[in-house]
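# What the coordinates show
Spelled out from the first residue to the last, the chains are:
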Amino acid sequence: MPQIMPRFEISPENPAGPEASALIRRHLSQMAAQSPEESCHALDTSGLEGPEVQFFLLRQGGKPVAMGALKLLDGGARELKSMHTVSEARGSGAGRAMLEFLLKLSRKEEATGLFLETGSTDDFLPSRRLYESLGFKQCAPFGDYAADPWSVFMHLDLRAAA
């Protein structure tokens, strides 16, 4: 029997909206449980509402199951922020779909590259593998980040990847 691929819908959203806020709270709670407070760099709702941030929800069957954001950096680069897929949807392709959407948008907007910070523990290994599968490489801390044993920094040069 042929496998039916899940249909995902991705749309820009207001982070202060009820569905987005619930997903952001869930993400922040998970990050707080996996990393020390001083090593937790996830943005809250107010941080995601800034004019330099584009925030998106991914829905499956009308239900929000993943989120992601792009933050404008100096030099035309972007930072991936708030990448999160609810545990019930992990393995469904939702996280990959969100990441591919954000990559496509970044290329369309002629971003020079994408940076991200993620955790260094085994809890974050699936995320790091997803980023690596799409060409991200580990790099030095960027922007206002400092070296931290709890963090892994990654970069994708969109000029080279084009």
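Scroll up for the structure.
First, a word on what this report is: a plain description of the structure on this page. Remember, predicted model here, so these are calculated numbers, not experimental data.

Attention now moves to helix H3 (residues 94-108). The end-to-end C-alpha distance of H3 is 21 Å, a good match for the 21 Å that 15 residues give at a rise of 1.5 Å each. Regarding H3, the residues found buried are Ala 94, Gly 95, Ala 97, Met 98, Leu 99, Leu 102, Leu 103, Leu 105 and Ser 106. Just downstream of H3 lies Glu 110, where phi reads positive at about 60 degrees.

In this structure, Gly 93 sits in the loop between strand S4 (78-85) and H3. Residue class for Gly 93 comes out partly exposed when judged on its relative accessible area of 34%. A sequence separation of 52 residues divides Gly 93 from Tyr 145, and the C-alpha atoms of the two residues are 29 Å apart.

Applying the stated criterion across every chain yields a total of 6 aromatic pairs. Between Phe 142 and Phe 153, the ring centres sit 6.0 Å apart and the planes meet at 90 degrees, which makes this aromatic pair edge-to-face. Residue Phe 142 is found in the loop between strand S6 (137-139) and strand S7 (151-157), and its partner Phe 153 is found in strand S7; the two are separated by 11 residues along the sequence. Note on accessibility: Phe 142 and Phe 153 belong to one class, buried. Taken together, the ring pairs in this structure connect Phe 115, Phe 142, Tyr 145 and Phe 153 into an aromatic cluster.

Rules behind the numbers
Residues numbered from 1 in each chain as written. Predicted model: local features only at pLDDT ≥ 70, side-chain atom pairs only at ≥ 80, totals over all residues. Heavy atoms only, no water. Helix = DSSP H or I, 4+ residues; strand = E, 2+ residues; numbered from the N terminus. Expected span 1.5 Å × (residues − 1). Buried < 20%, exposed > 50% of the residue type's maximum accessible area, 1.4 Å probe, protein only. Phe/Tyr/Trp six-rings, centres within 6.5 Å; stacked < 30°, edge-to-face > 60°.

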